[in-house]
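Below, each chain spelled out in residue letters.
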Amino acid sequence: MSTSLYPLASLAQIEKTPSREDGIPEELELDLRAFGCKLIHEAGVLLRQKQVAVATAQILFQRFWYVTSMKQFGIGDIGMGALYLASKLEECPIRMRDLINVYDLLLQRTTHKLKHPPGISSSGAPCPEFKYVPMSYFGNTFYDLKDALVVAEMQILKRLGFNVHVVLPYGTLVNYLRVLGLTEREDVSSKAWGYLNDALQTPVYALYAVPTIVSAAILLATRHLGIALPSSPECCWWELFDADWEDVWSVAGHIMRLYRERTPDEQARVLSLVSKKGVRLWLEDNTPTHPHT
């Protein structure tokens, strides 16, 4: 990680992440990152946690996978640890037991979706509804999740070198919209804000500076709403914010990738790889074996 105002991944980390070195394809890694961030967001909603803590957790989660492989830690465990750590950093702590209960519910629901995909079953009957079964506080599940949470928080701090400073983009967005004269357009503000939130499911906050990410959100929002901004070679609006066009376009591409349709097989594959055990089994089944010569 670089040592700037906030840490960004190095070129070597970007070119080949630890997960890719272990044989996980880039597309699958990006899908797992996005799903891990969705779990963090859903847990934050259920816990009524502040948005700043949820956003910080998602950024820490994305940074973590530039220094560690998904073969070593599950996205569910690291997401839980990231939210617990971020809640302390943003001074809105949550009870460990509450977080464990919520993640147990989310993981049970994930397992249910994997066993019973949405729609009609092969027998023609509708798929059964999900029913949460609370864990026993004297059983192994609670203590296993508690141990996983403690280890995940410790590993995030250790592997990021305790450099957990995060800069959120929302204040920058407000300032940029004011400069561009768009503060009166609530539709632009809300849409750009939404793109910034969606971008948390992508690695861009670990790759690019905040001005670049905010410029990409404004670009997508104004293009979607048909609002023209100065973009001639002599006067490009993004240059006001020291953003490079190629970087802005790359961030926009990362965000738009989230909205593509996924096949049922792709969705099931992601659901089955929430734990490191699932990832290791998948690698065993999909890593080509080289015969001895």
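These notes cover the structure that comes with them. Not measured: the values here are computed from a predicted model. Chains are numbered independently. Their residues run from 1 in the order of the written sequence. Confidence filtering applies because this is a predicted model: local features only for residues at pLDDT of at least 70, side-chain atom pairs given and counted only at 80 or more, and all residues used for totals across whole chains, interfaces and linings. Side-chain numbers here rest on the full set of heavy atoms in the structure, without hydrogens or water.

## Observations regarding the packing of helix 3 (residues 26-46) against helix 6 (residues 96-115)
1) Next: Where helix 3 contacts helix 6, the two axes come as close as 10 Å, and the packing angle between them is 130 degrees. As summarised for this structure, helix 3 and helix 6 are arranged oblique, according to the angle between their axes. Considering only the axes of helix 3 and helix 6, their crossing is right-handed. From helix 3, Phe 35, Leu 39, Ile 40, Glu 42, Ala 43 and Leu 46 reach across to helix 6, where they touch Val 102, Tyr 103, Leu 105, Leu 106, Arg 109 and Thr 110.
2) Next: Throughout, the ten residues Ala, Val, Leu, Ile, Met, Phe, Trp, Tyr, Cys and Pro are labelled nonpolar, Asp, Glu, Lys and Arg are labelled charged, and all others, Gly among them, are labelled polar. Across the contact of helix 3 with helix 6, the residue classes break down as 9 nonpolar, 1 polar and 2 charged. Fitting a line to C-alpha atoms yields each axis, with helices limited to the stretch in contact; the angle taken between N-to-C directions then spans 0 to 180 degrees. The helix and strand labels rest on DSSP assignments: H or I over at least four residues marks a helix, E over at least two residues marks a strand, and numbering proceeds from the N terminus. Oblique is the label for any angle not under 35 degrees, not over 145, and not in the 65 to 115 range, which are roughly parallel, roughly antiparallel and roughly perpendicular in turn. When the near helix sits turned anticlockwise from the far one by under a right angle, the crossing is termed left-handed; a clockwise turn instead gives a right-handed crossing. Any two residues having at least one pair of non-hydrogen atoms within 4.5 Å are treated as being in contact.

## Comments concerning the packing of helix 5 (residues 75-89) against helix 6
1) Next: At a closest axis distance of 11 Å, the pairing of helix 5 and helix 6 adopts a crossing angle of 145 degrees. As for the relative orientation of helix 5 and helix 6, their crossing is right-handed in sense. Judged by residue contacts, Gly 76, Gly 79, Met 80, Leu 83 and Tyr 84 of helix 5 engage Met 96, Leu 99, Ile 100 and Tyr 103 from helix 6.

## A look at the state of the cysteines
1) Next: Here, the term disulfide refers to a pair of cysteine sulfur atoms separated by no more than 2.5 Å. Following the criterion strictly, the structure yields 0 disulfides and no others.
2) Next: No disulfide involves Cys 37; its sulfur sits 17 Å from the nearest other cysteine sulfur, which is in Cys 92.
3) Next: Burial classes follow relative accessibility: with a 1.4 Å probe on protein chains only, a residue under 20% of its type's maximum area counts as buried, one over 50% as exposed, and anything between as partly exposed. The class of Cys 92 is buried, set by a relative accessible area of 9%.

## As for the nonpolar core
1) Next: Counting 93 residues, the largest nonpolar core has Leu 83, Leu 99 and Ile 218 as its most contacted members.
2) Next: Counting residues per element, this core draws most heavily on helix 10 (residues 210-225), at 9 residues.
3) Next: When residues no more than four places from it in sequence are discounted, the contact partners of Ile 218 are Leu 173, Tyr 176, Leu 177, Leu 180, Ala 192, Leu 229 and Trp 237. Only buried residues count toward a nonpolar core. Its members are Ala, Val, Leu, Ile, Met, Phe, Trp, Tyr and Cys residues joined through side-chain atoms within 4.5 Å.

## Quick look at unusual backbone geometry
Excluding glycine, residues mostly have negative phi values, and the peptide bonds linking residues are mostly trans.
1) Next: Positive phi, close to 60 degrees, is recorded for Glu 91, a residue that is not glycine.
2) Next: Note that Glu 91 resides in the loop between helix 5 and helix 6.
3) Next: Positioned with a positive phi, Phe 162 is a non-glycine residue whose angle comes to about 60 degrees.
4) Next: Its location among the elements puts Phe 162 in the loop between helix 7 (140-159) and helix 8 (170-179).

## A few points about the environment of Ser 189
1) Next: Structurally, Ser 189 can be placed in helix 9 (residues 186-199).
2) Next: It is 8.4 Å that separates the C-alpha atoms of Ser 189 and Ile 218, two residues lying 29 residues apart in sequence.
3) Next: When near neighbours in sequence (up to four residues on either side) are disregarded, Ser 189 contacts Leu 173, Leu 177, Leu 182 and Thr 183.

## Observations concerning the packing of aromatic side chains
1) Next: Note on aromatic contacts: the rings of Phe and Tyr and the six-membered ring of Trp form a pair at centre separations within 6.5 Å, being stacked when their planes are under 30 degrees apart, edge-to-face when over 60 apart, and tilted otherwise. Using the criterion set out here, one finds 11 aromatic pairs in the structure.
2) Next: Taking the centre distance of 5.7 Å and the plane angle of 80 degrees together, the rings of Trp 237 and Trp 238 count as edge-to-face. The burial state of Trp 237 is the same as that of Trp 238; both residues are buried.
3) Next: In our convention, an over-ring charge means Lys NZ or Arg CZ found within 6 Å of a ring centre and within 35 degrees of that ring's normal. A cation over a ring is seen here: Arg 33 above Tyr 66, with NZ or CZ 4.4 Å from the ring centre.

## Concerning the pattern of salt bridges
1) Next: The rule for a salt bridge is simple: a side-chain nitrogen of Lys or Arg has to be within 4 Å of a carboxyl oxygen of Asp or Glu. For the structure on display, the rule yields 10 salt bridges.
2) Next: Among the ionic pairs, Glu 29 bridges to Arg 20, the shortest N-O distance being 3.4 Å.
3) Next: Notably, a salt bridge pairs Arg 95 with Asp 98, separated by 3.7 Å at the nearest N-O pair.
4) Next: Residue Arg 95 is classed as exposed on the basis of its relative accessible area of 53%.

## Notes on the environment of Pro 93
1) Next: Tracing the backbone shows Pro 93 in the loop between helix 5 and helix 6.
2) Next: Note on Pro 93: relative accessible area 62%, which makes it exposed.
3) Next: When the C-alpha atoms of Pro 93 and Phe 142 are compared, they prove to be 20 Å apart, with 49 residues separating the residues in sequence.

## A few points about the side chain of Ser 215
1) Next: Relative to the helices and strands, Ser 215 is located in helix 10.
2) Next: Relative accessible area serves as the criterion here: at 0%, Ser 215 is assigned to the buried category.
3) Next: Each residue touching Ser 215, except ones within four places of it in the same chain, is listed here: Tyr 176, Trp 237, Phe 241, Ala 243 and Val 248.

Everything listed here is a matter of coordinates, which is why it stays silent on function.
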